[in-house]
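Below are the chains, spelled out letter by letter.
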Amino acid sequence: MSESQAHALLRRLAAGDHKALGEFYDLYAGLANGLALRILRDGSDAEDVVQEAFVQVWRQAGRYDPRRGSPQAWLCTIARTRARCTALATFSSSRPSIW
């Protein structure tokens with residue numbers, strides 16, 4: 001799929017087209033999962049991050065700005081941020097308290 005087709009999917013998403021979310025997911029879920037898995041090294045956590053990332057894409061598709069990057073880059077930024085937050089939360093909860 002070309003970048004212009006991905007932009008069109010995001011416009012459809014912003015308009016509330018549920019089918020566009022499925023198409024966008026089919027197109028980029030592997031990319032988002034690979035990124036999350038690389039950061040988290042846990043398949044279950046990576047799947048959760050991917051689900052959360054696509055929910056965020058659904059909710060914020062209207063905020064996507066093609067001047068700032070490709071749809072893939074936008075999704076990867078969302079997934080990476082969520083994966084890093086998950087990793088930090090996991091790390092923080094596994095550390096013994098010093099108090």
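Note: the structure precedes this text.
This report concerns the structure included in the present document. Every value quoted in this text rests on a predicted model; they were computed, and no experiment measured them. (Residues numbered from 1 in each chain as written. Predicted model: local features only at pLDDT ≥ 70, side-chain atom pairs only at ≥ 80, totals over all residues. Heavy atoms only, no water.)

## A few points about the overall build of the protein
Across its full length, the protein holds 4 helices and 0 strands. Overall, the protein shows an N-to-C arrangement of helices and strands of α-α-α-α. Looking at the protein residue by residue over its 99 residues, the buried ones come to 29%. Across the protein, contacts joining residues at least 24 apart in sequence account for 62% of those joining residues at least 6 apart. On the protein, roughly 6600 Å² of surface is accessible, and the fraction owed to carbon and sulfur atoms is 51%. (Helix = DSSP H or I, 4+ residues; strand = E, 2+ residues; numbered from the N terminus. Buried < 20%, exposed > 50% of the residue type's maximum accessible area, 1.4 Å probe, protein only. Contact = heavy atoms within 4.5 Å. Areas by Shrake-Rupley, 256 points an atom, 1.4 Å probe, with all protein chains shown as cover.)

## What to know about the pattern of salt bridges
Considering all chains together, one arrives at 4 salt bridges under this definition. The partner of Arg12 in a salt bridge is Glu23, with the nearest N and O atoms 3.2 Å apart. Of this pair, Arg12 sits in helix H1 (residues 3-14) while Glu23 is found in helix H2 (residues 18-40), placing the two residues 11 residues apart along the sequence. Judged by relative accessible area, which is 30%, Arg12 ranks as partly exposed. We classify Glu23 as partly exposed; its relative accessible area is 27%. Between Glu52 and Arg82 there is a salt bridge whose closest N-O contact spans 3.4 Å. Here Glu52 is found in helix H3 (residues 43-60), whereas its partner Arg82 is found in helix H4 (residues 71-94), with 30 residues between them in sequence. Given the relative accessible area of 28%, Arg82 is considered partly exposed. Here the residues in one salt-bridge network are Arg12, Asp17 and Glu23, joined through shared partners. (Salt bridge = Lys/Arg side-chain N within 4 Å of Asp/Glu carboxyl O.)

## Here's the deal with the side chain of His7
Structurally, the position occupied by His7 is in helix H1. The class for His7 is buried, based on a relative accessible area of 15%. Among the polar contacts made by the side chain of His7, one reaches the side chain of Tyr64 at a distance of 2.9 Å. If we skip the residues at most four places from it in the chain, His7 touches Tyr64, Pro66 and Pro71. (Polar contact = N/O pair within 3.5 Å; in protein donor to acceptor, adjacent residues only side chain to side chain.)

## Examining H1
Along an α-helix, residues three or four apart share an orientation, since each turn contains 3.6 residues. The first and last C-alpha atoms of H1 sit 17 Å apart over 12 residues, in line with the 16 Å expected at 1.5 Å per residue. All of the buried residues along H1 are Ala6, His7, Leu9, Leu10 and Leu13. Buried positions in H1, seen along its axis, are confined to an arc of 155° and lie on one side of it. Following H1 by one or two positions, Gly16 has its phi on the positive side, about 95°. (Expected span 1.5 Å × (residues − 1). Arc of directions from axis to C-beta.)

So yeah, pure geometry; function would need other evidence.
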